[in-house]
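What follows is the residue order along each chain.
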Amino acid sequence: MLAVFASRTDADNPLSALEVGERPDPEPPDGWTTVTVKAASLNHHDLWSLRGVGLPDDRLPMILGCDAAGVDEDGNDVIVHSVVASDGWRGDETLDPKRTLLSELHQGALAERVAVPKGNLVPKPEALSFAEASCLPTAWLTAYRMLFVKAGVKPGQTVLIQGAGGGVASAAIVLARHAGLRVWVTSRDEAKQAKARELGAHEAFESGARLPDRVDAVLETVGEATWKHSLRALRPGGTLVVSGSTSGPNPPAELQRVFFLQLSVVGSTMGTRDELAQLARLLETSGIRPEIDRELPLADAGEGFAAMAAGDVFGKIVFTP
Ligand SMILES: NC(=O)c1ccc[n+]([C@@H]2O[C@H](COP(=O)([O-])OP(=O)(O)OC[C@H]3O[C@@H](n4cnc5c(N)ncnc54)[C@H](OP(=O)(O)O)[C@@H]3O)[C@@H](O)[C@H]2O)c1
């Protein structure tokens, strides 16, 4: 089958390790099933994988991709939950120390077919296209959990979302606006600021700009480049939720600010299968939809990877096999 994969990794030039070609069909073990992929979306995770982050050489070759929507062996339209818990794990699978995402230990979703545990399937609402549904399992689920599970925000409060153009950030803008929050965003790019306003942001600022007021919560995926600004933007007692560090993982800790202002710094990763099902229902009942930057044939995946590596993306890139 056609797949997007890595048979080596390259920390400095990840795109050079990208391959598009034939890979063997999945052979699902007991309790797993094969999903025929109708759409699969790209995440920054796939670039990290090509760099070798979370993907050691002994697991290669590896099909990339965490996110897919398709049809299961019984003909049901499904969304694939990417977090695979270890055997026997009970409870929140994101807290399983041995959990992996598709493409880390098990072959990934950027392919014509993908094997997944049967329990990882979520029914796809009819109202969502396969392309829209394929955007949910990583970026949208992460934004959902950051906002509704970790940030502890209420309607009427203000949230700052850093790096408006990213997959997680653009999802968070739509979700936060729908939830009745005042939504402020930053972006380095004026066109992305304008796009963020169109998506629902009340205000869009230049990255690092002085804000008119303090905010109740910040959603952070950019990391080093925006961390200081995030902590400075918070009101006393406010919450910074972090799920990514695209620009680097080691920002200044700003400890005095954290303890004097009694800030909460909260980590967040992906979400549970139940949260993915709730998210799918939210999109079905609200009419809100993922912002899709572009849809490409799987065979042209390189174009999508290059756009993400260059930061030339607003929303999600979707591949169709
Ligand atoms: N923990 C999890 O479960 C989880 C899930 C999903 C993603 N993530 C992580 O979250 C991060 C975001 O991923 P993504 O797929 O949403 O998008 P992404 O392609 O990594 O983009 C994030 C945004 O960061 C901003 N940015 C990048 N470098 C910057 C810099 N030097 N200065 C200021 N802004 C910068 C850009 O915004 P502007 O161009 O608008 O300024 C960009 O659109 C990644 O690191 C990813 O690995 C983690």
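Scroll up for the structure.
A. Representation of the overall build of the protein chain within the structure. Of the regular secondary structure elements, the protein chain holds nine helices and 18 strands. In terms of its C-alpha atoms, the protein chain occupies a principal-axis envelope of roughly 55 × 45 × 40 Å. Relative to its 321 residues, the protein chain shows a buried fraction of 53%. Taking contacts inside the protein chain between residues at least 6 apart in sequence as the whole, the part at least 24 apart equals 69%. Accessible area of the protein chain: about 13,600 Å², with a carbon and sulfur share of 47%. Positive and negative charge centroids in the protein chain, built from 31 and 42 side chains respectively, lie 8 Å apart.

B. Highlighting the packing of helix 3 (residues 136-150) against helix 8 (residues 273-286). Where helix 3 meets helix 8, the axes come as close as 10 Å, and the angle between the chain directions of the two elements is 95°. The orientation of helix 3 relative to helix 8 falls into the category roughly perpendicular. Residues Leu136, Pro137, Trp140, Leu141, Tyr144, Arg145, Phe148 and Val149 of helix 3 form the contact with helix 8, whose participating residues are Glu275, Leu276, Gln278, Leu279, Ala280, Leu282 and Leu283. Here the contact of helix 3 with helix 8 is built from residues that sort into 12 nonpolar, one polar and two charged.

C. View of helix 3. Taking 1.5 Å of rise per residue, 15 residues should cover 21 Å, yet helix 3 covers just 18 Å from first to last C-alpha, more than 12% shy of that figure. Burial analysis of helix 3 places 12 of its 15 residues in the buried class, which makes it a mostly covered element. Residues of helix 3 that are buried: Leu136, Pro137, Thr138, Ala139, Trp140, Leu141, Thr142, Ala143, Tyr144, Arg145, Met146 and Leu147. Positive phi appears at glycine 152, one or two residues downstream of helix 3, with a value of about 65°.

D. Main features of the side chain of threonine 186. Positionally, threonine 186 belongs in strand 12 (residues 182-187). By relative accessible area, threonine 186 is classed as buried at 0%.

E. Geometry of the site of the ligand. Neighbouring residues of the ligand: 25 residues in total, closest His44, Ser187, Lys192, Ser243 and Met270. A distance of 2.8 Å separates an oxygen atom of the ligand from a polar atom in the side chain of tryptophan 48. At 2.9 Å from an oxygen atom of the ligand is found a side-chain nitrogen or oxygen belonging to arginine 188. Against a free-state accessible area of 910 Å², the protein chains account for coverage of 86% of the ligand. Residue assignment for the shell around the ligand shows that the elements contributing at least two residues are helix 1 (44-51), helix 3 and helix 4 (167-178). Tallied by class, the residues present in the shell around the ligand amount to six nonpolar, 17 polar and two charged.

About the cut-offs
- Residues numbered from 1 in each chain as written.
- Predicted model: local features only at pLDDT ≥ 70, side-chain atom pairs only at ≥ 80, totals over all residues.
- Heavy atoms only, no water.
- Helix = DSSP H or I, 4+ residues; strand = E, 2+ residues; numbered from the N terminus.
- Buried < 20%, exposed > 50% of the residue type's maximum accessible area, 1.4 Å probe, protein only.
- Contact = heavy atoms within 4.5 Å.
- Areas by Shrake-Rupley, 256 points an atom, 1.4 Å probe, with all protein chains shown as cover.
- Lys, Arg positive; Asp, Glu negative; His and termini not counted.
- Charge placed at Lys NZ, Arg CZ, Asp CG, Glu CD.
- Axes fitted to C-alpha atoms, helices over the stretch in contact; angles between N-to-C directions.
- Parallel < 35°, antiparallel > 145°, perpendicular 65-115°, else oblique.
- Nonpolar A, V, L, I, M, F, W, Y, C, P; charged D, E, K, R; others polar.
- Expected span 1.5 Å × (residues − 1).
- Near = heavy atom within 4 Å.
- Polar contact = N/O pair within 3.5 Å; in protein donor to acceptor, adjacent residues only side chain to side chain.

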